[in-house]
Amino acid sequence: MLSKKTKYGLKALTYLASIDSKTPVQIAEIAKHENISQKFLESILLTLRRNGFLGSKKGKGGGYYLIKDPKDIQMTSVMRVLEGPIAMIPCVSLNFYEKCDDCPDENKCSVHKLMLQVRDSALEVYRNNTLADLIS
């Protein structure tokens, strides 16, 4: 299930992208428009800023803004930053691979085979969508 952190992060990014401006938007405005706790949103936006999606400006007229064009923000990147590995189990993860303790042979494991398909399907969707796709 998608975490609230990821859901709210996607909503905040979509809101910023829909404004179509490099003008900083205050956290309070985003929180109110998207019905998100301001305190929780602060930590999410900070994570997105630290990972190169957002810029911020302090003081009067300050806030957060996209530093990349929405068409250049891949959903694979956003999902990995906010949600972590896309794969549901570590033995099929592309970036966070770990062998399962209870599995002697991945190639014969029915769960492994199924989760490879699930991972590939999710990647297909995320790779074929950008932030721009969420606002159009």
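The notes below deal with the structure included here. Predicted model only: the values in this text are computed from it and were never measured.

On a plain count of helices and strands, the protein chain comes out with six helices and two strands. Counting only C-alpha atoms and orienting by the principal axes, one finds that the protein chain spans roughly 60 × 30 × 25 Å. The buried share of the protein chain, reckoned over its 136 residues, is 38%. Looking at the protein chain alone, contacts between residues at least 24 apart form 59% of all its contacts between residues at least 6 apart. Carbon and sulfur atoms provide 51% of the accessible area of the protein chain, an area that totals close to 8,400 Å². Positive and negative side-chain charges of the protein chain, numbering 20 and 15 respectively, have mean locations separated by a distance of 8 Å.

Between helix 1 (residues 4-19) and helix 3 (residues 38-50), the least distance of the axes is 10 Å, while the angle of their chain directions is 75 degrees. Accordingly, the angle class assigned to the pair helix 1 and helix 3 is roughly perpendicular. For the pair formed by helix 1 and helix 3, the contact residues are K4, K5, Y8, G9, A12 and L13 on the first element and F40, L41, I44, L45, T47 and L48 on the second. A class-by-class count of the residues in the contact of helix 1 with helix 3 yields eight nonpolar, two polar and two charged.

Time to look at the environment of D101. With respect to the helices and strands, the residue D101 is situated in the loop between helix 4 (75-83) and helix 5 (110-127). Residue D101 is classed as exposed on the basis of its relative accessible area, which comes to 84%. In the structure, D101 is positioned ten residues away from C91 in sequence and 9.8 Å away in space, judged by C-alpha atoms.

Glancing now at the packing of aromatic side chains. On inspection of all chains with the given rule, the structure shows one aromatic pair. Arranged with centres 5.8 Å apart and planes meeting at 75 degrees, the rings of Y8 and F40 form a pair that is edge-to-face. Of this pair, Y8 sits in helix 1 while F40 is found in helix 3, placing the two residues 32 residues apart along the sequence. When its relative accessible area of 14% is taken as the criterion, Y8 is described as buried.

Here we take up helix 5. Between its terminal C-alpha atoms helix 5 stretches 26 Å, which fits the 26 Å expected from 18 residues at 1.5 Å a residue. Among the residues of helix 5, those classed as buried are H112, M115, R119 and L123. With its buried residues spanning 75 degrees around the axis, helix 5 presents them on a single face. The exposed residues of helix 5 that point more than 90 degrees off its buried face are S110, Q117 and E124.

Okay, the pattern of salt bridges next. Scanning the entire structure with this criterion turns up two salt bridges. Ionic pairing is found between K71 and D72, a salt bridge with its closest N-O pair at 3.8 Å. In this structure D72 comes out as partly exposed when scored by relative accessible area, which is 47%. A salt bridge links D120 to R119; the nearest nitrogen and oxygen atoms lie 2.7 Å apart.

Thresholds applied
- Residues numbered from 1 in each chain as written.
- Predicted model: local features only at pLDDT ≥ 70, side-chain atom pairs only at ≥ 80, totals over all residues.
- Heavy atoms only, no water.
- Helix = DSSP H or I, 4+ residues; strand = E, 2+ residues; numbered from the N terminus.
- Buried < 20%, exposed > 50% of the residue type's maximum accessible area, 1.4 Å probe, protein only.
- Contact = heavy atoms within 4.5 Å.
- Areas by Shrake-Rupley, 256 points an atom, 1.4 Å probe, with all protein chains shown as cover.
- Lys, Arg positive; Asp, Glu negative; His and termini not counted.
- Charge placed at Lys NZ, Arg CZ, Asp CG, Glu CD.
- Axes fitted to C-alpha atoms, helices over the stretch in contact; angles between N-to-C directions.
- Parallel < 35°, antiparallel > 145°, perpendicular 65-115°, else oblique.
- Nonpolar A, V, L, I, M, F, W, Y, C, P; charged D, E, K, R; others polar.
- Phe/Tyr/Trp six-rings, centres within 6.5 Å; stacked < 30°, edge-to-face > 60°.
- Expected span 1.5 Å × (residues − 1).
- Arc of directions from axis to C-beta.
- Salt bridge = Lys/Arg side-chain N within 4 Å of Asp/Glu carboxyl O.

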